Amino acid sequence: MANGQWYPPEWPDRIRALADGSLTPVAPKRAATVMLLRDTDTGGPAVHMLRRRSSMAFAGGAYAYPGGGVDPRDEQQIRWAGPTRAWWADRLGVEEAVAQAIVCAAVRETYEEAGVLLAGPTDDSVVGDTTGDDWETDRAALVARDVSFAEFLDRRGLALRSDLLGAWTRWITPEFEPRRYDTWFFVAALPEGQRTRNASTEADRTVWIRPTDAAASYDKGELLMMPPTIATLRQLTAYDSAAQALSAAPDRDLTAVLAQARLEEGEIVLAWPGHDEFTKHIPTGGAPA
């Protein structure tokens, strides 16, 4: 392959099945992912990425950001700081309860997979080091779903800091995929005193890397990524600091990006609106070009 675009070999058959009506799309599950940024001395911020284990059924070996699906319990009442739930509902284009669940999932998944917690004892503070044994016990309980995020925050006396997040973009898994997600991407800065670690059982490596370097490695075919990941990395290259990226988030268009497949002159054309670099031409019975 010319670059590092993740492309499952079963996609052409599934696209054909969708086109002839023999495949019924599954409903996408809501999800959230966070592009965690920290400033560097070498120009521009670095972003925290993890590499999914090659044994994973979905996007094995691909680089991604911490994130995951919404837990139904993410709608439970929690102590909330920052823009109101109504503000987030308007920003995300969903009902208030759903908006809370999406924001909550973003914060929870970042803690579960990277050990970074966007919450604090007061509305204008953030917890410090979260690497102690007691924190790890709590994190493991969250991952196992033994406790909800609301219960965790309440026991710790913490408020979720929604003001530390910026909604960046929204992508929906193509209709021909068996596992589909309606994913909101957020940006956030690494809180002072906290540090990331590979806390995910789904990842075998984590890195801090400048978006420009990650994009260059993708272009060389050295880093495997899904379209939303490389697209957001390219967008982040325009900013000189984490704060600058966060300040740009409120003006970002959150219209969902959904891949479209069509039959055209004897081949299947797979395209992501607004992202021409990912367009694939798939000859009948052949490999994508």
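1. Observations regarding the overall build of the protein chain
Counting secondary structure elements, the protein chain contains 8 helices and 14 strands. Relative to a compact globule of 289 residues, whose C-alpha radius of gyration would be 19 Å, the protein chain shows 19 Å and is just as compact. Considered along the principal axes of its C-alpha atoms, the protein chain spans approximately 60 × 40 × 35 Å. Within the protein chain, the proportion of its 289 residues that are buried is 51%. A separation of at least 24 residues holds for 70% of the contacts in the protein chain among residues at least 6 apart in sequence.

2. With respect to the sheet that holds strand E5 (residues 80-81)
Across the sheet, which stays open at both edges, the 3 strands sit in the order E5-E7-E6 with mixed pairing between neighbours. In the strand order of this sheet, the two ends are held by E5 and strand E6 (119-120), each with one partner. Here E5 runs beside strand E7 (residues 159-161); their pairing, made up of 2 bridges, is parallel. Within the sheet, the bridge partner assigned to Ala81 lies in E7 and is Arg161.

3. Some remarks on the pattern of salt bridges
This model, assessed by the stated rule, comprises 19 salt bridges. The residue Arg73 makes a salt bridge to Asp71 at a minimum N-O spacing of 3.2 Å. By relative accessible area, which is 10% here, Asp71 ends up buried. With a closest N to O distance of 2.8 Å, Glu136 and Arg139 form a salt bridge. One end of the pair, Glu136, and the other, Arg139, are both in helix H4 (residues 133-143), 3 residues apart, so they sit about a helical turn from each other. On the basis of relative accessible area, Arg139 is assigned to the buried category, the value being 8%. Counted as one network, the salt bridges with shared partners bring together Asp71, Arg73, Asp74, Arg108, Glu109, Glu112 and Arg145.

4. Considering helix H7 (residues 227-236)
Buried residues dominate H7, accounting for 8 of its 10 residues. Residues of H7 that are buried: Pro227, Pro228, Thr229, Ile230, Ala231, Thr232, Leu233 and Leu236.

5. What about the pairing of strand E13 (residues 267-272)?
Consecutive side chains along a regular strand alternate between the two faces of the sheet. For E13, the tally of buried residues reaches 5 of 6 residues, placing the bulk of the element in the interior. Taken together, strand E12 (residues 260-264) and the strand that follows it, E13, pair antiparallel across an intervening segment of 2 residues, in which Glu265 is found at a positive phi of about 50°. Summarising the sheet, E13 and strand E14 (residues 275-283) pair through 5 bridges and their orientation is antiparallel. Within the sheet, the bridge partner assigned to Val269 lies in E14 and is His281. Hairpin connection, E13 to E14: the antiparallel pair is bridged by 2 residues, and Gly274 has positive phi, about 85°.

6. Concerning the sheet that holds E13
The 3 strands are arranged E12-E13-E14 in an open sheet whose pairing can be described as antiparallel. Edge positions in the open sheet fall to E12 and E14, since each of these has one partner strand only. Averaged over all adjacent pairs, the angle separating strand axes in this sheet is 20°, with direction ignored. Bridge count for E12 against E13 is 5 bridges, and the pairing is antiparallel. Looking across to E13, one finds that Leu263 is bridged to Ile268. Along the sheet, H7 contacts E13 and E14; its crossing angle with E14, the most-contacted strand, is approximately 155°.

7. Things to note about the packing of H4 against helix H5 (residues 149-156)
Two numbers describe a pair of packed helices, the interaxial angle and the distance between the axes. Between H4 and H5, whose axes approach to 10 Å, the crossing angle comes to 155°. It follows that H4 is roughly antiparallel to H5 by the angle criterion. Once H4 is placed against H5, the crossing between them reads as right-handed. In this structure, H4 uses Asp134, Trp135, Asp138 and Leu142 to contact H5, whose residues at the interface are Phe149, Phe152, Arg155 and Arg156. Taken together, the residues of the contact of H4 with H5 break down into 4 nonpolar, no polar and 4 charged.

8. Some words on the packing of aromatic side chains
Tallied over the full model, the rule gives 10 aromatic pairs. Where Trp168 meets Tyr239, the ring centres are 5.7 Å apart and the plane angle is 80°; that geometry is what we call edge-to-face. Taken as a pair, Trp168 in strand E8 (residues 166-172) and Tyr239 in the loop between H7 and helix H8 (242-248) lie far apart in primary sequence, 71 residues in all. Assigned by exposure class, Trp168 and Tyr239 land together as buried. Here the aromatic rings of Trp272 and Phe278 are separated by 6.1 Å at their centres, their planes lie at 80°, and the arrangement is edge-to-face. Taken together, the aromatic side chains of Tyr111, Trp135, Phe149 and Phe152 make up a single cluster linked through ring pairs. Over the ring of Trp135 we find Arg156, and its NZ or CZ is 3.6 Å from the ring centre.

Cut-off values and rules
Residues numbered from 1 in each chain as written. Predicted model: local features only at pLDDT ≥ 70, side-chain atom pairs only at ≥ 80, totals over all residues. Heavy atoms only, no water. Helix = DSSP H or I, 4+ residues; strand = E, 2+ residues; numbered from the N terminus. Rg over C-alpha atoms; globule rule 2.2 N^0.38 Å. Buried < 20%, exposed > 50% of the residue type's maximum accessible area, 1.4 Å probe, protein only. Contact = heavy atoms within 4.5 Å. Pairing = 2+ DSSP bridges. Salt bridge = Lys/Arg side-chain N within 4 Å of Asp/Glu carboxyl O. Axes fitted to C-alpha atoms, helices over the stretch in contact; angles between N-to-C directions. Parallel < 35°, antiparallel > 145°, perpendicular 65-115°, else oblique. Left-handed = near helix turned anticlockwise from the far one by under 90°. Nonpolar A, V, L, I, M, F, W, Y, C, P; charged D, E, K, R; others polar. Phe/Tyr/Trp six-rings, centres within 6.5 Å; stacked < 30°, edge-to-face > 60°. Lys NZ or Arg CZ within 6 Å of the ring centre and 35° of its normal.

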